[in-house]
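Examination of the molecular architecture
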Amino acid sequence: MRRFFVIFSALVLLAGCSIFSQPEEPGEETKNPNRVERPEYKDVDVDSRVADPDALVLKPNKQAVKYKGEPVVQACDVISSDDLRKADQLLHADSYPNNVMTRTYFNGESKGEVDTSIESANNECWYVLHGKSRKSRNESIEINVYEPAYTNQKELATEIKKNYKAIADIEGVKAYQMAEEKMEDHTGRFTDYRLQQGTITAHIYTSIIDEKVVKSLLQTAAKRLKQLEAKPTGPSQVDYKSPVFAAGYVNSCDYIGNEDFQNLFGVDADPLVTEGISSSVGVEDSDHYLKHNCSLRENPENNQVLSMKTTAYEDEKTAALHFKEGKKEVDGDSVQEVSSIGDDAYYAVNEVDGEWSLTFRQGRVEVQMDFYDYSEKEDPSSDEEIAEKRIERLTPIAQAVVERMKDV
């Protein structure tokens, strides 16, 4: 059983959203003009870094993606952010993507193959939520989908038989709940279900406290599985709409792909891409931004990973200012200037956790790129030599990204 990550969207209710300006009457409370107050979030303690807690718009995508000739049921389509809203569950108000929504989905581009183990075939969707109480700890829900084209069906059946018990059908769909004695190794409160419609199995794993909400979402998922069995849909398209962010949204996954992965590692990326999505427009020093994360990987052992993170500001001047300030905050000994990428670029290693990245700016967008190649043997080179090797390998990929961002 995979552990449930508490880390990685909601349709905007445009009606009722408002920006408050300076008070017109003496004695009125001053409202911050850099923030949007959404009525549905009035009882949520929204972080000061959030300018608009509910700016995310997920648009339906009718075009299904195929894997090995078969259309795929995407996990986030089984329970959508709109379904969560209807169940009175709000997405966590946060401008940092992996704190809100993460999805690993078939993108229809990469040429590699999926490891068919149920531990690896992660067609999954994960949401962090504000529950009905709003002021309680964050709740969460994860959905995994398994189909014959990318999952070992014998292994899946054995796992269900070993760890789950059959319960009453839900909306005519076979249903199973994890046996109580199998839950003893897990910490925290959660419920764990499997739904089976034809050859499609959905794993729904949640820490939502309200049992009525869980029941309602299971019913929604069962109905949706029937619909998706008949007519699969593609991964929803991400966008943002907010009165405090007029510039366009930048999706990292639009700027890296299988060709980049091949050029970096010499192999195809697998067909699953992992995307981190935020619910909110962020704000720093009165400047607004949108963040996004994207990762490509190689199976079966995920030995190679290429990741990209974007922070899009409203204009180039603002991006340049924050890029400069961010570089100042990095440990000076680890910073290496890189002159051949975008408008400005540097390589740095975080002195706290040892994580490294190549950071560059193209116009109004700041980009962080890194890669991990666990297939390589341990490198005995010095830190300086390792840095040079990383920069050399990643520079042509970053330069390609810069070219693709010329019109952003």
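Quick summary incoming for the structure in this document. (Residues numbered from 1 in each chain as written. Predicted model: local features only at pLDDT ≥ 70, side-chain atom pairs only at ≥ 80, totals over all residues. Heavy atoms only, no water.)

What follows is about the overall build of the protein chain. Scanning the protein chain from N- to C-terminus turns up 7 helices and 23 strands. Of all 408 residues assigned to the protein chain, the portion counted as buried reaches 53%. Just so you have it, the protein chain exposes about 19600 Å², and 45% of that area is on carbon and sulfur atoms. (Helix = DSSP H or I, 4+ residues; strand = E, 2+ residues; numbered from the N terminus. Buried < 20%, exposed > 50% of the residue type's maximum accessible area, 1.4 Å probe, protein only. Areas by Shrake-Rupley, 256 points an atom, 1.4 Å probe, with all protein chains shown as cover.)

The first and last C-alpha atoms of helix 7 (residues 383-404) sit 31 Å apart over 22 residues, in line with the 32 Å expected at 1.5 Å per residue. The largest bend along helix 7 measures about 40° and falls at Thr 395, with the proline Pro 396 one to four residues further on. Among the residues making up helix 7, those that are buried are Ile 386, Ala 387, Ile 391, Leu 394, Thr 395, Ile 397, Ala 398, Val 401 and Val 402. Residues of helix 7 that are buried sit in contact with helix 5 (258-265), strand 19 (304-313), strand 20 (336-337), strand 21 (344-349), strand 22 (356-362) and strand 23 (365-373). (Expected span 1.5 Å × (residues − 1). Bend = angle between axes of the 7 residues up to and from the residue. Contact = heavy atoms within 4.5 Å.)

This part is about the pattern of salt bridges. The final tally for this structure, using the stated rule, is 20 salt bridges. Of the charged contacts, one joins Lys 42 and Asp 43 as a salt bridge, the two residues approaching to 3.4 Å between their closest N and O atoms. Where Glu 113 meets Lys 68, a salt bridge forms, and the shortest distance between an N and an O atom there is 3.8 Å. Taken together, the residues span a long stretch of sequence, with Glu 113 in the loop between strand 8 (101-106) and strand 9 (123-130) and Lys 68 in the loop between strand 5 (66-67) and strand 6 (70-71) at a distance of 45 residues. Assessed through its relative accessible area of 54%, Glu 113 is described here as exposed. Since its relative accessible area comes to 53%, Lys 68 is described here as exposed. Residues joined by salt bridges that share partners form a network here, namely Glu 40, Asp 54 and Arg 85. (Salt bridge = Lys/Arg side-chain N within 4 Å of Asp/Glu carboxyl O.)

The phi dihedral of Asp 285 falls on the positive side, at around 55°, and the residue is not glycine. Here Asp 285 shows up in the loop between strand 17 (281-284) and strand 18 (287-298). With a relative accessible area of 62%, Asp 285 lands in the exposed category. Phi is positive for Ser 286, which is not a glycine, with a value near 70°. Within the fold, Ser 286 resides in the loop between strand 17 and strand 18.

So, on to the environment of Ala 400. Turning to its location among the elements, Ala 400 is positioned in helix 7. Measuring from C-alpha to C-alpha, the distance between Ala 400 and Ile 341 comes to 9.3 Å, with 59 residues separating the pair along the chain.

Geometrically, a pair of aromatic rings is defined through the distance of the ring centres and the angle of the planes. Taken as a whole, this structure holds 12 aromatic pairs when the rule is applied. Seen in terms of ring centroids, Phe 190 and Tyr 205 are 4.7 Å apart; in terms of plane orientation they differ by 25°. Their pairing is stacked. Here Tyr 205 lies in strand 14 (residues 200-206) and Phe 190 lies in the loop between strand 12 (173-178) and strand 13 (191-197), a separation of 15 residues in the sequence. Taking the relative accessible area as the measure of exposure, Tyr 205 reaches 6% and is therefore buried. (Phe/Tyr/Trp six-rings, centres within 6.5 Å; stacked < 30°, edge-to-face > 60°.)

Right, let's talk about the state of the cysteines for a bit. Throughout the structure, instances matching the rule amount to 2 disulfides. The disulfide partner of Cys 76 is Cys 125, and the gap between their sulfur atoms is 2.0 Å. The S-S bond linking Cys 76 to Cys 125 shows a torsion near 95°; that makes this disulfide right-handed. Here the residue Cys 76 occupies a position in helix 1 (residues 75-78), and Cys 125 occupies one in strand 9, the gap between them amounting to 49 residues. (Disulfide = S-S within 2.5 Å.)

Core analysis: the largest hydrophobic core is formed by 58 residues, its most contacted members being Val 78, Ile 79, Tyr 127, Ile 141, Ile 143 and Leu 195. The element contributing the most residues to this core is helix 4 (residues 211-230), with 8 residues. Ala 312, Ala 387, Ile 391 and Val 402 belong to the second largest nonpolar core, which has 35 residues in total. (Core = buried A, V, L, I, M, F, W, Y, C linked by side-chain atoms within 4.5 Å.)

We now examine the pairing of strand 13. Across the 7 residues of strand 13, 6 count as buried, placing the element largely inside the fold. The pairing of strand 12 with strand 13 spans 4 bridges and is antiparallel. In the strand pairing of strand 13, Gln 177 is matched with Tyr 193. Pairing geometry for strand 13 and strand 14, over 7 bridges, is antiparallel. When the sheet's bridge partners are listed, Arg 194 is paired in strand 14 with His 203. (Pairing = 2+ DSSP bridges.)

It is worth spelling out the packing of helix 5 against helix 7 at this point. For the pair helix 5 and helix 7, interaxial distance at closest approach is 9 Å and the crossing angle is 160°. When the axes of helix 5 and helix 7 are compared, the pair comes out roughly antiparallel. Viewed along their axes, helix 5 and helix 7 form a crossing whose handedness is right-handed. Residues Asp 260, Asn 263, Leu 264 and Phe 265 of helix 5 touch helix 7, and the partners they reach there are Arg 393, Ile 397, Ala 400 and Arg 404. (Axes fitted to C-alpha atoms, helices over the stretch in contact; angles between N-to-C directions. Parallel < 35°, antiparallel > 145°, perpendicular 65-115°, else oblique. Left-handed = near helix turned anticlockwise from the far one by under 90°.)

Within the secondary structure layout, Ser 279 lies in the loop between strand 16 (272-277) and strand 17. With relative accessibility at 1%, the residue Ser 279 sits in the buried group. When sequence neighbours within four positions are dropped, the list of residues in contact with Ser 279 reads Asp 52, Pro 53, Asp 54, Ala 55, Leu 56, Leu 91, His 92, Ala 93, Asp 94, Val 100 and Tyr 240.

Moving on, we get to the environment of Glu 229. Structurally, the position occupied by Glu 229 is in helix 4. Glu 229 has contacts with Gln 197, Gly 198 and Ile 200, leaving out every residue within four places of it along the chain.

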